[in-house]
Amino acid sequence: MRPLVFLSIPNLRAADLPVMPALADAAGVVRRELGCRGPALTCPVHATLTTGVGVGGDGRPGHGVVANGFYWRERREVEMWTAWGETLFAPRWWDDADPRPSTALWFPLLAKGSSADFVCTPAPIHNPDGSESLWCYTKPEMLYGDLRDAFGHFPLKHFWGPLAGIESSRWIAASAVEAAGRFRPDFHFIYLPHLDYTAQKHGPDSPEAEAAAVALDGEIAGLIEGLRAAYRDADPVFVAASEYVITPVEAVACPNRVLREAGLLAVTDHGGEEHIDFASTPAWAMADHQIAHVFVEDAGDVTRVADALREADIAAAVLTGRDRADVDLDHPRSGDVVLLSRTDASFAYPWWFDDGKAPAFARIVDIHRKPGYDPVELFFDPATKSIPLDPSLVRGSHGLPTGAGGAAGVCLASDEKFFGGKAGVLDHESLAGTIRRHFA
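No experiment lies behind these values; they were computed from the predicted model shown. (Residues numbered from 1 in each chain as written. Predicted model: local features only at pLDDT ≥ 70, side-chain atom pairs only at ≥ 80, totals over all residues. Heavy atoms only, no water.)

### Quick notes on the overall build of the chain
Per the secondary structure count, the chain includes nine helices and 23 strands. What you see for the chain is a C-alpha radius of gyration of 21 Å, in line with the 22 Å of a compact globule of 440 residues. A principal-axis box enclosing the C-alpha atoms of the chain has dimensions of 65 × 45 × 40 Å. A burial count over the chain gives 59% of its 440 residues as buried. Carbon and sulfur atoms make up 51% of the accessible area of the chain, which amounts to about 17,200 Å² in all. Measuring between centres, the 39 positive side-chain charges of the chain sit 3 Å from its 60 negative side-chain charges. (Helix = DSSP H or I, 4+ residues; strand = E, 2+ residues; numbered from the N terminus. Rg over C-alpha atoms; globule rule 2.2 N^0.38 Å. Buried < 20%, exposed > 50% of the residue type's maximum accessible area, 1.4 Å probe, protein only. Areas by Shrake-Rupley, 256 points an atom, 1.4 Å probe, with all protein chains shown as cover. Lys, Arg positive; Asp, Glu negative; His and termini not counted. Charge placed at Lys NZ, Arg CZ, Asp CG, Glu CD.)

Dropping the structure here:
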């Protein structure tokens, strides 16, 4: 059984391959178009790739990861980006494989506490004074200490925020080679995020995005060389796949402001700052790129909420009930109303109308307290020395399933037999099944 190295790359596009010769040469023997049946978002895609099933719902088994965050209705609490693997309803595809391959998860989301044999993923320590200490969750537990000694702390400030850059993908690649040499896992999932940053900040077709592809390819060249040496004579199969493809955006909508204008969102004053009052608000929207989950407290208000959002004309689709199955989101964890943006637009989380009343966390990189995704954290306003409050700065977004207007990506494999002679368009579920069959 040949080991398989899987490179999960957000915004990997077929159009970028001419400037990525290391990737194209190493993993480009065969190519397939790769679509996304459900939400084209990081956490749902990572969950699908490691379980082999989609979100699920209405009697269909699935992993239940509907977005990059969760709203725990019974506690009225939002959890963004920190969930553990136990939140998945489905087992990982290798759990019942026969024979079971040894597995390594290098930086995918929802990896903490997973059944993988080896894991490394960011897990900064949140101190009582509000500061953070750099750290990673690893399995075995003491592994991060060794990686830190060899490569320094994982550069979290380059993983997200205004300083996001190649340094984080470089650290991931170097540490993955170290792990491969030490453990030689049969299946090695490696997340390389670099193409995500500039495409959102400057647009996917910008000169900055092309330069990012060139820079990442340089790191991939070293990664592949290092992995081949680490596996020695095992000759791993290399597979690289798009998690999603970022599309240009020119507009942004704020569904929480629409709900507030309609009298459907309640806020509370905290020392002059306006915060959503989750204990009493009739509805609120968790904006996540080009999808927004609108949670409605009273089932009798769903129609009223949906009608208000339709009347505001801020979305390409306003889905309720079983209509949410069209995008694999008819799940109890989904919003009672699901919004799909237009292909050239995205959603943003703000609910305030006066920037002077914005919560303090709106002006800093704070991915956990914001009840929604905020790509404006990629920007920095030197005048205020803070994150700006203008979501229209963002030039690229994603989230729409391929069938709902999202762009298709690409999957490359270094073994011409990997796809089993099957032609046609793949999706992440079928790709996970193909990987599992590789080990059968």
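### Describing the side chain of threonine 50
In this fold, threonine 50 is placed in helix H2 (residues 42-51). On the accessibility criterion, threonine 50 (2% relative accessible area) is buried. Side-chain polar atoms of threonine 50 contact the backbone oxygen of histidine 46, separated by 2.9 Å. Beyond its immediate stretch of four places on either side in the chain, threonine 50 contacts Pro91, Arg92, Trp93, Trp94, Leu105 and Phe189. (Polar contact = N/O pair within 3.5 Å; in protein donor to acceptor, adjacent residues only side chain to side chain. Contact = heavy atoms within 4.5 Å.)

### Comments concerning the nonpolar core
If you look at the biggest cluster of nonpolar residues, it comprises 85 residues, and the most contacted ones within it are Phe6, Leu7, Leu23, Trp106, Phe107, Ile190 and Leu431. In terms of residues, this core owes the most to one element, helix H6 (residues 207-231), which gives nine residues. Counting residues in hydrophobic clusters, the runner-up holds 47 residues, among them Met80, Leu265, Met286 and Phe361. (Core = buried A, V, L, I, M, F, W, Y, C linked by side-chain atoms within 4.5 Å.)

### A word on the pattern of salt bridges
Under the counting rule described, the total for this entry stands at 22 salt bridges. Of the charged contacts, one joins aspartate 415 and arginine 2 as a salt bridge, the two residues approaching to 3.2 Å between their closest N and O atoms. With a gap of 413 residues between them, aspartate 415 in the loop between strand S22 (409-413) and strand S23 (426-427) and arginine 2 in the segment before strand S1 (4-9) connect regions that are remote in the sequence. Judged by its relative accessible area of 18%, aspartate 415 is buried. The exposure class of arginine 2 is partly exposed, given its relative accessible area of 30%. The residue arginine 148 makes a salt bridge to aspartate 149 at a minimum N-O spacing of 3.3 Å. Members of the salt-bridge network, linked through shared partners, are Arg2, Asp235 and Asp415. (Salt bridge = Lys/Arg side-chain N within 4 Å of Asp/Glu carboxyl O.)

### Some points on the pairing of strand S14 (residues 267-270)
The pairing of S14 with strand S15 (residues 273-276) spans four bridges and is antiparallel. The residue of S15 that forms the bridge with histidine 270 is glutamate 273. Where S14 folds back onto S15 in an antiparallel hairpin, the turn is made up of two residues, including glycine 271, whose phi is positive at roughly 60°. (Pairing = 2+ DSSP bridges.)

### Description of the packing of aromatic side chains
In total, this model carries 29 aromatic pairs according to the counting rule given. With a centroid separation of 6.1 Å and 40° between ring planes, the pair formed by tyrosine 71 and phenylalanine 278 is classed as tilted. Of this pair, tyrosine 71 sits in strand S3 (residues 69-72) while phenylalanine 278 sits in the loop between S15 and strand S16 (283-288); the two residues are 207 residues apart in sequence, bridging distant segments of the chain. You'll find tyrosine 71 and phenylalanine 278 in the same group, each marked buried. With a centroid separation of 5.3 Å and an interplanar angle of 75°, the aromatic rings of phenylalanine 154 and tryptophan 171 are classed as edge-to-face. Here the residue phenylalanine 154 occupies a position in the loop between helix H3 (143-151) and helix H4 (166-183), and tryptophan 171 occupies one in helix H4, the gap between them amounting to 17 residues. Looking at tryptophan 171, the relative accessible area reads 6%, which means it is buried. Every member of this aromatic cluster is reached through a ring pair, and the members are Phe107, Trp135, Tyr144, Phe151, Phe154, Phe159 and Trp171. (Phe/Tyr/Trp six-rings, centres within 6.5 Å; stacked < 30°, edge-to-face > 60°.)

### Topic: the state of the cysteines
On inspection of all chains with the given rule, the structure shows zero disulfides. Cysteine 43 provides the cysteine sulfur closest to cysteine 36, a residue in no disulfide bond, and the two sulfurs are 13 Å apart. (Disulfide = S-S within 2.5 Å.)

### Quick look at helix H8 (residues 302-312)
Every buried residue belonging to H8 is among Val302, Val305, Ala306, Ala308 and Leu309, and all of these are buried. The buried residues of H8 all sit within an arc of 160° when viewed along its axis, so they share a single face. With respect to the buried face of H8, the exposed residues turned more than 90 degrees away are Thr303 and Glu311. Where H8 is buried, its residues touch helix H7 (255-261), S16, strand S17 (291-296), strand S18 (317-320) and strand S19 (337-340). Within two residues after H8, aspartate 313 carries a phi angle of roughly 55°, on the positive side. (Arc of directions from axis to C-beta.)

### What about the sheet that holds strand S2 (residues 30-35)?
Here we have nine strands laid out as an open sheet, ordered S9-S6-S5-S10-S1-S11-S22-S2-S23, and mixed in their pairing. Sheet topology places strand S9 (136-139) and S23 at the edges, where each strand pairs with a single neighbour. Of the strands in this sheet, S1, strand S5 (103-106) and strand S10 (187-191) touch H2, which is tilted by about 170° from S10. On the sheet, H6 packs against S1, S10 and strand S11 (237-242) and is oriented at approximately 165° with respect to S1. (Axes fitted to C-alpha atoms, helices over the stretch in contact; angles between N-to-C directions.)

### Observations regarding the packing of H3 against H4
At a closest axis distance of 11 Å, the pairing of H3 and H4 adopts a crossing angle of 125°. What the angle tells us is that H3 and H4 run oblique. The crossing of H3 and H4 is right-handed. Along the contact surface, H3 presents Leu143, Tyr144, Asp146, Leu147 and Phe151, while H4 presents Trp171, Ala174, Ser175, Glu178, Arg182 and Phe183. Looking at the contact of H3 with H4 residue by residue, the class counts come to seven nonpolar, one polar and three charged. (Parallel < 35°, antiparallel > 145°, perpendicular 65-115°, else oblique. Left-handed = near helix turned anticlockwise from the far one by under 90°. Nonpolar A, V, L, I, M, F, W, Y, C, P; charged D, E, K, R; others polar.)

### Things to note about the environment of alanine 179
One can find alanine 179 in helix H4. Separated by 73 residues in sequence, alanine 179 and tryptophan 106 have C-alpha atoms that sit 9.3 Å apart. Leaving out residues up to four positions away in the same chain, alanine 179 has contacts with Trp106, Arg184, Pro185 and His188.

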